Amino acid sequence: MSTIQVTDISGLRGRVSLPGDKSISHRAVMISSIAEGKSSVSNLLDGLDCRATIDAFSNMGIVITQGSDKAYTIEGKGLRGLTEPRSDLYLGNSGTTMRLLLGMLAGSGFRAVLCGDDSLSKRPMKRVTSPLRLMGAKIEGGDDGNLAPLIINPGRLGPIEYDSPVASAQVKSAILLAGLYADGTTKVTEPYRSRDHTERMLRLFGADVTQERLSASVRGLDDSNLTSQRIVVPGDISSAAFFITLGIMADDSEIILTSCGINPTRTGILTVVERMGADVELTNQNNGFEPYADIVIKSSSLKATKVTEDEVPLLIDEIPLIALLGTAAEGTTVIEGCGELRVKETDRVNSIVTNLKAMGADIESEGDSIIIKGPCRLKGASAESFGDHRTAMMMVIAGSVAEGTTTVNDTECIATSFPDFMDTLRCLIP
Ligand code: S3P
């Protein structure tokens, strides 16, 4: 089990290039694989989760080759070109791969078994398998199709109009991807808006996708094909968020994060830190199929804020960091409606509260809310990742702004989404 030790750091300076966005990387591999012809994808995230997606598609007959560094070529075989996997599809820790693949394979016409590690085997899949069953998918699994391993048998899909009880891009994307194989228009409506990377990428590849405020629709492809593309994956704002937090909280710091994705369905973290009074500025903005910009961050003093339930999907993976920022803010920070955090790679409400409390923070959970009273100077402690990459990295950042030494245990999981995290941190230290 690897551990990381950190002490208080200040005076951070430098420019950081970010790993490719994880959500966009998964979708680039998946959609290129079912398009017709060779797609090229550069700055694809080289983390374990995206590796699971690449391995799954290689196992279904798609040739994926890595050229220089993070540039990949994916030889798409068309909507019906995937072949029955030679073995069970082992998806490691990756919830996104499992949920999106369920949708993509539900109408593909062959049998596939999807399985994963201990954490993934406990995560709820019914939210995806229930609407897919309504479309005609034949999926079996533990607890009536809720738990992996899940077996997909060949099924013929019809379109649905689905009101999702959760605001989840994974649920929405699974249904839209299945909708490509259905005869007619499939529509998903959510209680709050979630990230729209699937809609943007499907449109880029030529699918007929429409979006309203809380709904997205796709028209089935009727055996026509998506067309291959050249894609540059922007930097991951969820990875940037660790350094946004550090740059704000560490004394005497100014850092620049280059070419970071700023899709408005992902920038909740920027809205919240600005509301807290942080000095964060966007420069060099570009509008591709996904917008991106450089982010300049300076040390700042913070005031407390309230994060409301409708904002949660726009910053779902950054909540551990907002809790950490709350410890440094004047007043009481409340993060409402974050019950979804309990079904992530680990119960993140528990991991946030347990770890930050051990560092002396005044933090509690109440129902689906997290309440942090600040400001409080954190003290070094021994922290647990609970096998969760985002918890491990949040605690390294917490230790970097705390008095004394912090030890973060069980940190191999960082490779899930940000293998170069520690090297990136080291290059900012004076
Ligand atoms: C993701 C959506 C989010 C997020 C996850 C990636 C995606 O999950 O937490 O890390 O790529 O669609 P939910 O949509 O289930 O909230």
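One structure accompanies this document, and this report is about it. (Residues numbered from 1 in each chain as written. Predicted model: local features only at pLDDT ≥ 70, side-chain atom pairs only at ≥ 80, totals over all residues. Heavy atoms only, no water.)

1. Notes on the layout of surface pockets
- Estimated volume of the largest pocket: approximately 590 Å³.
- Ala167, Ser168, Ile316, Glu340 and Lys344 are, among the 40 residues lining the largest pocket, the residues nearest its centre.
- Of the residues that constitute the lining of the largest pocket, the class distribution is 10 nonpolar, 12 polar and 18 charged.
- In this structure, the second largest pocket is lined by 19 residues; those nearest its centre are Met249, Asp251, Ala328, Arg377 and Val401.
- If you list the elements that add at least two residues to the lining of the second largest pocket, you get α9 (237–249) and α11 (319–328). (1 Å grid on protein atoms, 1.4 Å probe; cavity = no way out; pocket = protein on both sides within 12 Å on 5 of 7 lines; lining within 4 Å. Points joined across faces, edges and corners; volume = space filled by probe spheres on them. Nonpolar A, V, L, I, M, F, W, Y, C, P; charged D, E, K, R; others polar. Helix = DSSP H or I, 4+ residues; strand = E, 2+ residues; numbered from the N terminus.)

2. With respect to the packing of α9 against helix α10 (residues 268–275)
- In contact at an axis separation of 10 Å, α9 and α10 are set at 15 degrees when each is read in the N-to-C sense. Relative to α10, the element α9 is oriented roughly parallel. Seen along the crossing, α9 lies across α10 with a hand that is right-handed. Counted together, Ile237, Ala241, Ile244 and Ile248 of α9 and Ile269, Leu270 and Val273 of α10 form the full contact between these two elements.
- When grouped by side-chain class, the residues that make up the contact of α9 with α10 number 7 nonpolar, no polar and no charged. (Axes fitted to C-alpha atoms, helices over the stretch in contact; angles between N-to-C directions. Parallel < 35°, antiparallel > 145°, perpendicular 65-115°, else oblique. Left-handed = near helix turned anticlockwise from the far one by under 90°. Contact = heavy atoms within 4.5 Å.)

3. Observations concerning helix α7 (residues 169–179)
- In terms of burial, α7 is largely enclosed, as 11 of its 11 residues are buried.
- Of the positions making up α7, those classed as buried are Ala169, Gln170, Val171, Lys172, Ser173, Ala174, Ile175, Leu176, Leu177, Ala178 and Gly179.
- Near the N-terminus of α7, the side chain that reaches the backbone nitrogen of Gln170, with its oxygen 3.2 Å away, is that of Ser168. (Buried < 20%, exposed > 50% of the residue type's maximum accessible area, 1.4 Å probe, protein only. Polar contact = N/O pair within 3.5 Å; in protein donor to acceptor, adjacent residues only side chain to side chain.)

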